Amino acid sequence: MGNPKSINEVGLNDLVEAGLSREAAAELERTLRESVARARRSGTPSPGLELDPREVWRELASAGALKPSHPHRVHQLVYYSVYSGWDASARGPPLYWFPSLSQSKETNLGRLMESHGRKLLGSSYKDPITSFSLFQKFSVEHPDVYWSIALNELSLSFCRPPSCILDTSDKSKPRGSWLPGAVFNIAECCLLPSQQQRRGDDSIALVWRDEGYDHMNVNRMTLKELQEQVMLVANALDVTFSKGDAIAIDMPMTVHAVIIYLAIVLGGFVVVSIADSFAPKEIASRLHISKAKGIFTQDFIQRGGRKFPLYSRVVEANPVKAIVLPVAGDSVGVKLREQDISWKAFLSQVDRVPRRHYYPAFYQSTDSVTNILFSSGTTGEPKAIPWTQLSPIRCGADSWAHMDVQAGDVLSGATLALYHGSPLGRDFGKFVQDAGVTILGTVPSLVKTWKSTQCMEGLDWTNIRSFGSTGETSNVDDDLWLSSKSFYSPIIECCGGTELASSYIQGNHLQPQAFGAFSNASMTTGFVILDDHGVPRPDDQPCVGEVGLFPIYMGATDRLLNADHEEVYFKGMPTYKGVQLRRHGDIIKRTVGGYYIVQGRADDTMNLGGIKTSSVEIERVCDRADESILESAAISLAPPTGGPEQLVVLVVLKKGCKAEPNDLKMKFLKAIQRNLNPLFKVSSVKIVAEFPRTASNKLLRRVLRDQMRQQLFVQSKL
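Residues numbered from 1 in each chain as written. Predicted model: local features only at pLDDT ≥ 70, side-chain atom pairs only at ≥ 80, totals over all residues. Heavy atoms only, no water.

As annotated in an unreviewed UniProt entry, the protein is AMP-dependent synthetase/ligase domain-containing protein from Eucalyptus globulus.

Caption draft 1: View of the side chain of Glu188. Within the element layout of this structure, Glu188 appears in helix α10 (residues 186-191). If we skip the residues at most four places from it in the chain, Glu188 touches Leu266, Ala361 and Tyr363. (Helix = DSSP H or I, 4+ residues; strand = E, 2+ residues; numbered from the N terminus. Contact = heavy atoms within 4.5 Å.)

Caption draft 2: Here's a closer look at helix α17 (residues 426-434). Residues of α17 that are buried include every one of Phe428, Gly429, Phe431 and Val432, and no others. Buried residues of α17 fall within an arc of 155 degrees about the axis and therefore sit on the same side. Considering only its buried residues, α17 is in contact with β4 (204-210), β16 (416-420), β17 (439-442) and α18 (444-453). Directly beyond the C-terminal end of α17, a positive phi value near 65 degrees is found at Gly436. (Buried < 20%, exposed > 50% of the residue type's maximum accessible area, 1.4 Å probe, protein only. Arc of directions from axis to C-beta.)

Caption draft 3: Just the nonpolar core, in detail. The biggest cluster of nonpolar side chains holds 94 residues, and the ones touching the most others in it are Leu237, Phe296 and Phe346. Excluding residues within four positions of it along the chain, Phe346 makes contact with Val233, Ala236, Leu237, Thr240, Phe296, Ile323 and Ile341. By size, the runner-up hydrophobic cluster in this structure holds 55 residues, among which are Ala25, Leu28, Ala435 and Trp481. (Core = buried A, V, L, I, M, F, W, Y, C linked by side-chain atoms within 4.5 Å.)

Caption draft 4: Molecular detail of the pairing of strand β18 (residues 466-469). Side chains Ser466 and Gly468 of β18 all project onto a buried face; the interleaved residues Phe467 and Ser469 project onto the opposite face, where all are buried too. Pairing analysis gives four bridges linking β17 to β18, with the strands arranged parallel. Bridging across to β18, Ile439 finds its partner in Ser466. In this view, the connection linking β17 to its parallel neighbour β18 by way of α18 has right-handed handedness. Here three bridges tie β18 to strand β19 (residues 491-497), and the two strands are oriented parallel to one another. (Pairing = 2+ DSSP bridges. Right-handed = clockwise from strand over helix to strand, strands pointing away.)

What follows is the structure in structure tokens.
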């Protein structure tokens, strides 16, 4: 919005012009005046301002004055008017959600702090809100104490318990060993009832709906039913594979995908995770690196009422064996290779097994590999990242602490809600409504689509008590739209990595939240922000720089399958307080007030639509797309207004050759979608005379990024 009025200047006609009836506008205007008056009585003015805008917004939000049914223009008018005189450079980002003391004590972290805070922090402990930052710092300094308490809350089931939480006595392992001596099966932990978690056999474990059945009730599966299905598949896996075999999954996140994943881990095999959007070459490289002995896939993918081939792409990657599920019905809709088998035939292998719905879990040590995932580096070949049994524990613990997942919630760890189809349209939103989703995970590009198409109008999302957002940089106005759909529930921003099995910065329910910003480091996570010379900046000052993570980090990798782990994550990193920092690669900004905003990647890995890829991969494809190209440089840029990164390709042409940027853009788009990922888009193409380089002839993509960012900034001001 241009230059908004102050909230005192917003009147009846402004609200009518924004889309309200005169009656609704009069009611909202009255509530606005009352909220401003209460804020003036209760708060102290901000420097240079008549009253504290944060108090005005807090009063408005708590009164429920802005309704999900109000047009977005009304929400924009009020929010931007409340903060019209706000100087973010001096005051930090504007806040939109504030924890209440009574509710804070009912959160998972709040209960933990109320039970243990006084013992751990002494007289410094006051309450979960006042003492949160102090408690987070304590968790960094004493991770063994925090994890001892948190793991007890998660009620893990050990065949043999660990000898301790963290062992740092082995000098050959400078980052310590977590849960040494423990023997268990993490999939079994997910499937067992738990009195502490209020999770019984009859608890609903999964709710889902298939696209095209939006008029029907949602499907539900109890924990007992899920357990039986997982054990059935595990028995069938034993017929076909040997313990320790790597088995890939290349299919959408469906109920069957969840069952297959849990069965592979329960049976002592290793999952190989492959995105269902990948091209055959990308599938093939992941199968090769992981040495996968088989792959689960579907005949087709259903999206937006259309079917897209999946099995044919998988076959082109030439897996050893494929088990193929039908996207609908009982029979697959494609002809299978001789060595492949249908899902129905796969399960029928155990028809004569006496107890086919019973399976003894395969117990392993904490550091046993359960999942191989991939993250693109700058070498062109994807990094193969092994997850151990520790990795999902870290995921679950962070969801418990930061997302505040509790018994009765409809998400993961409580009830997992899955939509078998496209999340882009109203049908997905109706499923969110009908399933009673309480915690909704999103990515910013999805939110942008929902907002621009207005496809969710009229739906009731007020069951949602918090949102999770990850994968890309959030846009403030898109987040304003999203949060308004449930009377301004908090959006918990998450930023981490596959190699961490967690987020290193994240929102929570004990600190005020700002749109598109992170309120703190995650529990037990410590980091510093490095300047251009690798020197840590002071912790209490606003700054921008590369992240350096503290190396003792529960859940983080200690190995890679196809790269040197030390070289990738530690070589060349500075030491801090006697320990070498771990490289993550993000450039982040710490604001006034201690919030964090991600500024992009320090290396040349980019994030397109929530999927990491490297400049090298993009450039390799673009260089071959047209004969006129001498070389290309791929960079990603966040728009000046914020939001997901956009792919920009710069091109140097061969001498004497000519080409049009728009023609090249179409050729690049086709080549990238055919060879890398059909979800990637090219935002723009620019032809330049030459690229900036180092003395050793290394391409300076960061310089190109800065140049293009400056151009975009200038254009946005015109």
